Amino acid sequence: MPERIAVCPGSYDPVTNGHVDIIGRTANVFDTVVVGVVGQAIRKSKAMFSPEERKAFLEEAIAGVPNARVEIFTNLVVDFAREQNATAIVKGLRAISDFEYEFEMNQLNRKLAPEIESVYVIASPNYSFLSSTGVKEMATFGGDVSDLVPAAVATALSERARR
Ligand code: ADP
């Protein structure tokens with residue numbers, strides 16, 4: 001059987017335990033996972049961390065997943081997937097709110113690249129209400145996020161908050 005490669009695209013600003021969960025579960029069912037860090041986001045306002053910082057946090061967080069690696073990409077998700085020889089784009093789904101956006105993206109990506117299947121992994125219950133945006137908000141106001149993000153991210157967030 002040919003190698004089955006999945007890409008997990010996202011802004012990861014910063015990576016949370018919810019992302020790590022999705023990447024690990026994807027790595028259980030694909031041969032290789034390429035985590036794609038969006039270099040410049042259109043959908044979202046300015047990122048807190050640079051693409052290189054976000055990549056470094058991810059690499060540390062998934063160091064225990066031998067078949068996953070991280071790349072920064074600045075092109076379309078489907079083009080990034082093709083470059084990586086991926087057969088699937090894997091997205092995590094939390095609440096209903098994610099569904100609407102993902103439904104639209106699915107139709108667009110299907111049109112652009114019918115040969116690449118989009119696959120959705122449902123968030124684990126512990127992480128269903130966890131988002132990078134929420135974590136940044138909490139940390140900015142001095143909240144403790146150490147249960148929600150990898151240790152290095154928690155440290156970086158509290159350093160930013162103190163500035
Ligand atoms: P966010 O919406 O937190 O800013 P990203 O744009 O970095 O996340 O998303 C990357 C991928 O991870 C998306 O498929 C998103 O739906 C998914 N994801 C984000 N947070 C979680 C979570 N807590 N549980 C499951 N999937 C998640």
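Everything below is about the structure shown above.
Residues numbered from 1 in each chain as written. Predicted model: local features only at pLDDT ≥ 70, side-chain atom pairs only at ≥ 80, totals over all residues. Heavy atoms only, no water.

Account for helix H1 (residues 17-29), naming residues and giving values.
Between its first and last C-alpha atoms H1 spans 19 Å; for 13 residues at 1.5 Å apiece the expected length is 18 Å, and the two agree. Within H1 the residues assigned to the buried category are Asn17, Gly18, Asp21, Ile22, Ile23, Gly24, Thr26 and Ala27. Residues of H1 that are buried sit in contact with strand S1 (5-10), strand S2 (32-38), helix H2 (51-61), strand S3 (68-73), strand S4 (88-93) and strand S5 (117-122). N-cap assignment for H1: the residue whose side-chain oxygen lies 3.1 Å from the backbone N of Gly18 is Thr16. (Helix = DSSP H or I, 4+ residues; strand = E, 2+ residues; numbered from the N terminus. Expected span 1.5 Å × (residues − 1). Buried < 20%, exposed > 50% of the residue type's maximum accessible area, 1.4 Å probe, protein only. Contact = heavy atoms within 4.5 Å. Polar contact = N/O pair within 3.5 Å; in protein donor to acceptor, adjacent residues only side chain to side chain.)

Go over the packing of aromatic side chains, please, and point to the residues and values.
Enumeration according to the criterion identifies three aromatic pairs in this entry. A centroid spacing of 5.3 Å and a plane angle of 85° characterise the contact between Phe49 and Phe57, whose relative ring orientation is edge-to-face. The same class applies to Phe49 as to Phe57, namely buried. Residues Phe73 and Phe80 carry aromatic rings whose centres are separated by 4.4 Å and whose planes lie at 15° to one another, so their mutual orientation is stacked. Look at Phe80 and you get buried, because its relative accessible area is 2%. (Phe/Tyr/Trp six-rings, centres within 6.5 Å; stacked < 30°, edge-to-face > 60°.)

A description of the pattern of salt bridges should follow, citing residues and the corresponding values.
Summed over all chains, the structure comprises 10 salt bridges. We note a salt bridge from Asp98 to Arg94, for which the minimum N-O separation is 2.8 Å. Residue Asp98 is classed as buried on the basis of its relative accessible area, which comes to 13%. Looking at Arg94, the relative accessible area reads 38%, which means it is partly exposed. (Salt bridge = Lys/Arg side-chain N within 4 Å of Asp/Glu carboxyl O.)

Structural measurements only, silent on function.
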